[in-house]
2 protein chains.
Amino acid sequence: MVDIATRVHNHNWKIDPIVRSLIDTDFYKLLMCQSIFRNKPETTVVFSLINRSSSVRLADLIDEGELREQLDHVRSLSLSRGESTWLRGNMFYGKRQMFRSDFMEWFEAMRLPPYHLERRDGQYELTFEGKWPEVMMWEIPALAVLMELRSRAVLKGMGKFELQVLYARAMTRLWEKIERLKALETLKIADFGTRRRHSFLWQDWCVQAMQEGLGSKFIGTSNCRIAMRRDIEAIGTNAHELPMVYSALATSDDELAQAPYQVLADWHEEHDGNLRIILPDTYGTEGFLRNAPDWLTTWTGIRIDSGDPAKGAETAIRWWRARGEDPTQKLVIFSDGLDVEKIEELHRQFHGRVKVSFGWGTMLTNDFRGLEDDRLAPFSLVCKAVSANGRPTVKLSDNPNKAMGPAEEIERYKRVFGVGDQAALEVTV
Amino acid sequence: MVDIATRVHNHNWKIDPIVRSLIDTDFYKLLMCQSIFRNKPETTVVFSLINRSSSVRLADLIDEGELREQLDHVRSLSLSRGESTWLRGNMFYGKRQMFRSDFMEWFEAMRLPPYHLERRDGQYELTFEGKWPEVMMWEIPALAVLMELRSRAVLKGMGKFELQVLYARAMTRLWEKIERLKALETLKIADFGTRRRHSFLWQDWCVQAMQEGLGSKFIGTSNCRIAMRRDIEAIGTNAHELPMVYSALATSDDELAQAPYQVLADWHEEHDGNLRIILPDTYGTEGFLRNAPDWLTTWTGIRIDSGDPAKGAETAIRWWRARGEDPTQKLVIFSDGLDVEKIEELHRQFHGRVKVSFGWGTMLTNDFRGLEDDRLAPFSLVCKAVSANGRPTVKLSDNPNKAMGPAEEIERYKRVFGVGDQAALEVTV
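Residues numbered from 1 in each chain as written. Chains lettered and ligands numbered in written order. Predicted model: local features only at pLDDT ≥ 70, side-chain atom pairs only at ≥ 80, totals over all residues. Heavy atoms only, no water.

1. Concerning the packing of aromatic side chains
Here is the rule we go by: Any pair of Phe, Tyr and Trp rings, taking the six-membered ring for Trp, is counted once the centres come within 6.5 Å. Such a pair is stacked with planes under 30 degrees apart, edge-to-face with planes over 60 apart, and tilted for the rest. Put simply, DSSP H or I for four residues or longer makes a helix, DSSP E for two residues or longer makes a strand, and each gets a number counted from the N terminus. Three labels apply to residues, based on accessible area from a 1.4 Å probe with only protein chains included: buried if under 20% of the type maximum, exposed if over 50%, partly exposed otherwise in between. Geometrically, a lysine NZ or arginine CZ counts as sitting over a ring once it is within 6 Å of the ring centre and also within 35 degrees of the ring normal.
Evaluation of the coordinates by the stated rule reveals 54 aromatic pairs over all chains. Seen in terms of ring centroids, B:Phe37 and B:Phe103 are 5.9 Å apart; in terms of plane orientation they differ by 65°. Their pairing is edge-to-face. Within this pair, whereas B:Phe37 is found in helix H2 (residues 27–39), its partner B:Phe103 is found in helix H6 (residues 101–109), the two being separated by 66 residues in sequence. For the pair formed by B:Phe37 and B:Phe103, the shared burial category is buried. On the basis of an interplanar angle of 20° and a centroid distance of 6.3 Å, the ring pair of B:Trp106 and B:Phe107 is categorised as stacked. In terms of burial, B:Trp106 and B:Phe107 fall into one category: buried. An aromatic cluster is defined as three or more aromatic residues linked by ring pairs; in this entry it consists of A:Phe27, A:Phe37, A:Trp86, A:Phe92, A:Tyr93, A:Phe99, A:Phe103, A:Trp106 and A:Phe107. Over the ring of A:Tyr246 we find A:Lys40, and its NZ or CZ is 4.5 Å from the ring centre.

Listed below in structure tokens is the structure:
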């Protein structure tokens, strides 16, 4: 039986919206948003889209009108009653009412602020300016819209069976990865792939495949909408934007040197348990840990998000030992540039020595490499805070190829944070 | 929107019928049925299911109750008005009204006769006895039911994503074959895979994939229901059952020697053009062609269905030349044990020398080799006429491993048809 109403409805879509919910975003954005809403609500920031893969000429691939329609649609979204209920009522990391009432009321009324879009040299310049708690919520939808419009541009004109076989190949590839991961006895792995996903429906498929294939080894997804839809755990902690903006706001070198610790001091007040995860690499992991206050050593774990991951984990283990902590009681979350080989290797090297967990991103939700002449291969798109209250932000990371900010500010930060030589690693995704 | 009625309906299915139409069968069964209905309507035959792959223990895999339900369902089927209209109104091989009114009236009233089912040594003994025009229509549904029940038995208990990935792998495999076949400039290929299909829906998918992938190189399907549904050409001519039954009915060695030619003389009266295709191998191709009457050399082509196919085609070419015919104007249809490599090889060897066409069966609609520990790999199931008016049938073919019938009758046939040494080839499917 054809459901006539559904069919007529489908033919009347003005657009096929890519982002259909304000919680189709990473869980840590909500946690950080609440923290910012409490601690720095009046900060004015600019977020900007940066395509680190200049060979992917987005403005040649994606129609500007379609891009504007999708972004306008995102601006029309507001938190639904069911989403609000889910956020208010859910238990996250074993804790109820993680989101406070004043934040939820603000969030329910929130709409995303305007965007500014220009084309230049085959790329889109997309920026967002306004109050930090609102602007920061643009990051994930903006990335998701551009990633999926790029996918659609490549898929356009393919036949029905060609399309089906394309997805059949991608499904087979992911399933083979899952079958390998299943063999890792003590594996704990989560989906961190929202920002670089091929499409929403594909991410949703990947998450369900992980659920069926890995069972309890799959510990959740960073995507709140999928977590809600599929009744699984939402996963996430915090990101570089907090130390980047706090640091940009610092008015002296001394304040700058303390800024990353101030972020975690604010976080310490709000959260405990599995949410107390150190992200140490914004201005170099070595210096960050060397100068860290003692209370940070009691935190639950650390997230390794740039540089050589094994080296980062060894640094953390040495640091915990030096500060009298037992590394076997600590959590190390690997979240940068993971694919099966790397996961197997890191798991082999660290399981038993620390608690290991993986946040698997791009190669989970967007491994279309080699399909359609590589025109669907993932690329390195980010959306970052570039200034706060008019002052530029800086990121150094443990990989100089991931550094961001004006050259003279980068030099100043390197001096203040005592960052020496760093090994450059290729940034693929 | 969930279509509630559909969902409720789906939950109320007593069974999920495998064969849902009397024309979910090979087109040549209908052509032969009409011929039999005209020439030998009162012949009593026994058809029997034979599983040449004894390692596949069907009675251990398939529940007898389920098998009976499916066979009973097939017996409840009758030709629908739309199917009758399609058969009456369609143009087959450029000819309108291929099916005569008296045959169509009989077919509209026809129901399949009873079956006889027993279990023995892990296998089912399934036989059908009655008037030839009715009993012969059991062949394809009986094979389809057993093939698909075996698939279902293996698939039972698999998870949703495991299933999806299984089909993803099978789809990818077929698509890669299609991509290779696409490269063959003058290819003409048809689906002959009904009898050994993994399932109805899978065959339907394969046919559509061939349509999209090969365009006009895909010339049709042997399956009438799929041809009707997908609005493509139904393809087929005639099969071994005609010479087998005609030969069994012969009352002397002289009559026996003429029986295979009598089949084609009856056919000659009914059909012309692309339906005049010789199937020469029932009692050995060499002898059949050597003793053939001259009018057979004017036929359109030949179908090579056993033995070494290149050798069979060379024999035909030599025969045409010796009888003053131009082989480049003749059609050679290869239909035995084909897969991509063999198709490429035969195409390379014969295109330009004759008109070449392929009837691709098992490896089109049932290539699940290597998936699920090979438990879905195709196997060699046939349903054949084993006697006519109480006398046993015999098949020799060009491959002694495909021979059928009582040993002493096989010896007699070999003598009458002058069949010498034959090369034994493995029968896989």
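2. What to know about the sheet that holds strand S7 (residues 218–221) of chain A
Residue and element names in this part refer to chain A. For the record, the criterion: Each pair of strands is called paired provided DSSP finds at least two bridges between the two strands. The criterion used for residue contact is that any of the two residues' heavy atoms lie within 4.5 Å. What counts as an axis is a line fitted to C-alpha atoms, over the stretch in contact for a helix, and the angles between N-to-C directions run from 0 to 180 degrees.
One open sheet accounts for six strands, arranged S7-S6-S11-S10-S9-S8; its pairing is parallel. Pairing within the sheet leaves two strands with one partner each, and these edge strands are S7 and strand S8 (277–278). Pairing between strand S10 (residues 331–334) and strand S11 (residues 355–360): four bridges, direction parallel. Paired with Val332 across the two strands is Val356, which belongs to S11. Helix H10 (residues 200–214) contacts strand S6 (189–191), S7 and S11 of the sheet and is inclined by roughly 160° relative to S7. Packed onto the sheet, helix H15 (residues 309–322) meets S8, strand S9 (301–304) and S10 and runs at close to 160° relative to S9.

3. Things to note about the packing of helix H13 (residues 253–270) of chain B against helix H18 (residues 407–417) of chain B
All names here are of chain B. Using the following cut-off: To sort the angles, those under 35 degrees are grouped as roughly parallel, those over 145 as roughly antiparallel, those from 65 to 115 as roughly perpendicular, and the leftovers as oblique. Throughout this entry, Asp, Glu, Lys and Arg are counted as charged residues, while Ala, Val, Leu, Ile, Met, Phe, Trp, Tyr, Cys and Pro are counted as nonpolar. The remaining residues, Gly among them, count as polar.
Their axes nearest at 10 Å, the elements H13 and H18 cross at an angle of 75°. One element, H13, and the other, H18, form an angle in the roughly perpendicular class. Note on element contacts: H18 touches H13 through Arg412, Tyr413, Arg415, Val416 and Phe417, opposite Asp253, Leu256, Ala257 and Pro260. Here the residues of the contact of H13 with H18 are counted per class, giving six nonpolar, no polar and three charged.

4. Looking at the nonpolar core
Our working definition: Take the buried residues of types Ala, Val, Leu, Ile, Met, Phe, Trp, Tyr and Cys, join any two whose side-chain atoms come within 4.5 Å, and each joined set is a nonpolar core. Marked domain ranges trace back to an automatic or database domain assignment.
A:Phe107, A:Trp360, B:Phe107 and B:Trp360 are the most contacted members of the largest nonpolar core, which totals 258 residues. Two domains share this core, each providing at least three of its residues, namely domain 1 (7–156 + 379–394) and domain 2 (165–365) of chain B. Ignoring sequence-local partners within four residues, the contact set of B:Phe107 consists of B:Leu22, B:Ile23, B:Leu30, B:Leu79, B:Leu87 and B:Met137.

5. Quick word on the UniProt feature "modified residue: Phosphohistidine" (unreviewed entry) in chain A
Residue and element names in this part refer to chain A. The following threshold applies: UniProt positions are given in the numbering used here, feature names are shortened, and annotations may be inferred rather than shown by experiment.
The positions that UniProt labels "modified residue: Phosphohistidine" (unreviewed entry) are, in the present scheme, His240. Within the element layout of this structure, His240 appears in the loop between helix H11 (224–230) and helix H12 (241–249). Take His240: its relative accessible area is 3%, and that puts it in the buried class. Residue contacts for His240: discarding those within four places in its chain leaves Leu279, Asp281, Thr282, Asp305, Lys384 and Lys395.

6. Overview of the UniProt feature "domain: Nicotinate phosphoribosyltransferase N-terminal" (unreviewed entry) in chain A
The positions that UniProt labels "domain: Nicotinate phosphoribosyltransferase N-terminal" (unreviewed entry) are, in the present scheme, residues 23–146 of chain A. Between the C-alpha atoms that bound residues 23–146 of chain A there is a distance of 17 Å. The span itself is 48% helix and 22% strand.

7. Some words on the side chain of A:Ser222
Residue and element names in this part refer to chain A. Put simply, the rule reads: Contacts described as polar in this section are N or O atom pairs within 3.5 Å, which, within protein, must combine one atom able to donate a hydrogen with one able to accept it, while residues neighboring in sequence count only if both atoms come from side chains.
With respect to the helices and strands, Ser222 occurs in the loop between S7 and H11. Engagement of the side chain of Ser222 in a polar contact is seen with the side chain of Asp26, the distance being 2.7 Å. Those residues in contact with Ser222, other than ones at most four positions away along the chain, are Thr25, Asp26, Phe27, Asp191, Phe192, Gly193, Thr194 and Ile235.

8. Side note on H18(B)
Residues and elements named next belong to chain B. This is how the line gets drawn: Read the arc as the range of directions from the helix axis to the C-beta atoms.
Turning to H18, its buried residues are Glu409, Ile410, Arg412, Tyr413, Val416 and Phe417. Take H18 and look down its axis: the buried residues cluster within an arc of 160°, on one side only. More than 90 degrees from the buried face of H18, the exposed residues found are Ala407, Glu408 and Arg415. On the buried face of H18, the contacting elements are helix H12 (241–249), H13, helix H14 (285–290) and strand S13 (391–392). Among the residues trailing H18, Gly418 stands out with phi positive, at a value near 60°.

9. Some details on the environment of A:Val386
Residues and elements named next belong to chain A. Note that Val386 resides in strand S12 (residues 381–388). It is 9.4 Å that separates the C-alpha atoms of Val386 and Glu241, two residues lying 145 residues apart in sequence. Those residues in contact with Val386 that sit more than four places away from it in its chain are Val46, Phe47, Ser48, Ile50, Arg391, Pro392, Thr393 and Met404.

10. Digging into the relation of the copies chain A and chain B
Put simply, the rule reads: Superposition of the copies was done by least squares, using only C-alpha atoms of residues whose pLDDT is at least 70 in both.
Between the two copies, chain A and chain B, the superposition gives an RMSD of 0.0 Å; the rotation angle is 180° and the shift along the axis is 0.1 Å. In symmetry terms, the pair is related by a two-fold rotation axis. No C-alpha of chain A lies nearer the rotation axis than that of A:Ala168, which sits 2.1 Å from it. Of all interface residues in chain A, 100% are interface residues in chain B too; the two copies therefore contact each other through one and the same surface.

11. Notes on a nonpolar patch on the surface
Filter applied, for reference: Only residues above 30% relative accessible area that lack a salt bridge enter a patch, with like-charged residues linked at up to 9 Å and the nonpolar side chains Val, Leu, Ile, Met, Phe, Trp and Tyr linked at up to 5 Å. Method for areas: the Shrake-Rupley scheme with a 1.4 Å probe, in which residue coverage is limited to the protein chains shown. Take a side-chain nitrogen of Lys or Arg and a carboxyl oxygen of Asp or Glu: if they are within 4 Å of each other, that pair is a salt bridge.
Side chains of A:Val2, A:Ile4 and A:Val8 sit close together on the surface and give an oily, nonpolar patch of about 300 Å² of accessible area. Mapping A:Val8 onto the fold places it in helix H1 (residues 4–11).

12. Side note on helix H5 (residues 81–89) of chain B
All names here are of chain B. Along H5, the positions that sit buried rather than exposed are Glu83, Ser84, Trp86 and Leu87. Burial along H5 is one-sided: seen end-on, the buried residues are contained in an arc of 160°. Residues of H5 that are exposed and point more than 90 degrees away from the buried face comprise Arg81 and Thr85.

13. Remarks on the packing of H2(B) against H13(B)
Residue and element names in this part refer to chain B. Look at H2 against H13: their axes get within 11 Å of each other, and the N-to-C directions meet at 100°. One element, H2, and the other, H13, form an angle in the roughly perpendicular class. From H2, Leu31, Met32, Gln34, Ser35, Arg38 and Asn39 reach across to H13, where they touch Asp266, Trp267, Glu269 and Glu270. Across the contact of H2 with H13, the residue classes break down as three nonpolar, three polar and four charged.

14. Observations concerning the sheet that holds strand S4 (residues 115–120) of chain B
Residues and elements named next belong to chain B. Taken in spatial order, the five strands line up as S4-S5-S1-S12-S13 in an open sheet, and their pairing is antiparallel. With partners counted over all chains shown, the strands left at the sheet margins are S4 and S13, one partner each. Both strand S12 (residues 381–388) and S13 contribute to a ladder of two bridges, which runs antiparallel. Residue pairing across strands places Ala388 opposite Arg391, the latter belonging to S13. The strands touched by helix H4 (residues 64–75) within the sheet are S4 and strand S5 (123–131), with S4 carrying the most contacts at an inclination of about 165°.

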